[in-house]
Amino acid sequence: MSNSPASAASRHATRLVRIGKIAVGSAAPIVVQSMTNTDTADHIATALQIAQLARAGSELVRITVNNDESAKAVPKIREQLLKMNVDVPIIGDFHYNGHTLLKDNPACAEVLDKYRINPGNVGKGAKRDTQFAAIVEMACKYDKPVRIGVNWGSLDQSVLARMMDDNAARSEPWDAGRVMREALVVSALESAQAAEAVGLGADRIILSCKVSSVQDLIATYRELARRCDYPLHLGLTEAGMGSKGIVASTAALSVLLQEGIGDTIRISLTPEPNGKRTEEVIVAQEILQTMGLRAFTPMVTACPGCGRTTSVFFQELAQSVQEYVREQMPVWREHYDGVENLTLAVMGCVVNGPGESKHANIGISLPGTGETPAAPVYIDGEKAMTLRGDNIANEFRSILDNYVATKYTKKGVAA
Ligand code: SF4
């Protein structure tokens, strides 16, 4: 019997699009991206937040470019990032006035690595096509890729009206939801065709069709993937705050990723007041990592606890170990090949503790209520030592540091 792990379906075949140094689509890893919420015109605050997002693991960062001040700030943001030694592609998010901002601010057009165009927000009536074409011409001129990002909150009303007319002519009309989903897909595909007609290469186009309902998102992207080979940017728009936003995004994206659909993802979480913007990056990484699609940071397996352990120590240890590896990762990633694949287990008692610990690279089984106050540590499946006393957390971190330093090949050093 094969012992190979279960896995997702193979990726839906797409073209490869390059955004600065990052490749999206085809066989490239699924890319994590995020978006700032600073005033772009404040170039220092925006550069600082881009740096935070990039250091947390965002491989692309989008910024809004909504007025002349923000367009003028874009080159300064890039300069500031270079000073901070942060090299991450920046995407400009344009609505309504992108054609003017890009024409009036050539330095902004040059510095951005990709333009996001919302076909529902480029202009009304006759202006829609000319203003859309003007942005695409700038992308051709500066050799930039674009994302044609359709959103149901700003769906091109002329496309929706046409889809409704087509539907009225059907002998068995579709329900309103299906008509709306078709309008999203048609808006994206027709806009991509229009961009190609202006002269943009098919390998310069990424598509997205975001909605805020999980089932609609899944149905829409299945259809989009069936009908094109452009790379797809996945995201549940306006996912919401806290656990609701995380659960809804995870539910929607996991189904699609499992089917091989999606080449780059963004989790649109509403931050808690004073919450960290980087949370959306961590959630995106954890979706990909827990599904076995990519590895970013060593992950801690921990039991939920139950009546067999009344101590909160194992919860505190699990939390502190996960925080510790996240803090260490920027340095470890620089120095050690493959350290992101390290697995850790922190378990609450003897029932599943030793067994789960043996499956991890390093596992610790803490004593449950009434058990001998000793914590066996397992390394690569073998019991390596037993920790006791008040210093278990520090000793466990030392074991972890030592394991990383001895088991992973140092970068630049031949094995
Ligand atoms: S490992 Fe022990 S403490 Fe943890 S959930 Fe299982 S029985 Fe409860």
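Residues numbered from 1 in each chain as written. Predicted model: local features only at pLDDT ≥ 70, side-chain atom pairs only at ≥ 80, totals over all residues. Heavy atoms only, no water.

Caption draft 1: Up close: the overall build of the protein. Across its full length, the protein holds 13 helices and 17 strands. Projected onto the principal axes, the alpha-carbon positions of the protein cover approximately 80 × 55 × 45 Å. In the protein, which comprises 415 residues, the share counted as buried stands at 51%. Element-wise, carbon and sulfur atoms account for 51% of the exposed surface of the protein, whose accessible area totals about 19,000 Å². Averaging the positions of the 43 positive and the 46 negative side-chain charges in the protein gives two centres separated by 2 Å. (Helix = DSSP H or I, 4+ residues; strand = E, 2+ residues; numbered from the N terminus. Buried < 20%, exposed > 50% of the residue type's maximum accessible area, 1.4 Å probe, protein only. Areas by Shrake-Rupley, 256 points an atom, 1.4 Å probe, with all protein chains shown as cover. Lys, Arg positive; Asp, Glu negative; His and termini not counted. Charge placed at Lys NZ, Arg CZ, Asp CG, Glu CD.)

Caption draft 2: Just the site of the ligand, in detail. Taken together, Cys303, Pro304, Gly305, Cys306, Arg308, Thr309, Gly348, Cys349, Val351 and Asn352 make up the full set of residues near the ligand. Partitioning the shell around the ligand into residue classes produces five nonpolar, four polar and one charged. (Near = heavy atom within 4 Å. Nonpolar A, V, L, I, M, F, W, Y, C, P; charged D, E, K, R; others polar.)

Caption draft 3: Summary view of the packing of aromatic side chains. The full count for this structure, using the stated rule, is three aromatic pairs. Summarising the aromatic geometry, the rings of phenylalanine 94 and tyrosine 115 are spaced 6.0 Å apart at their centres and angled 85° between planes, so their arrangement reads as edge-to-face. Here phenylalanine 94, found in strand β5 (residues 90-94), pairs with tyrosine 115, found in strand β6 (residues 114-117); they are 21 residues apart in sequence, far enough to count as distant. Pair check on accessibility: phenylalanine 94 and tyrosine 115 agree, each one buried. (Phe/Tyr/Trp six-rings, centres within 6.5 Å; stacked < 30°, edge-to-face > 60°.)

Caption draft 4: Structural detail: the UniProt feature "domain: IspG C-terminal" (unreviewed entry) in the protein. In the numbering used here, UniProt assigns the feature "domain: IspG C-terminal" (unreviewed entry) to residues 300-401. The span residues 300-401 is 39% helical and 23% strand by assignment, and the distance between its end C-alpha atoms comes to 15 Å. (UniProt positions renumbered as here; feature names shortened; annotations may be inferred.)

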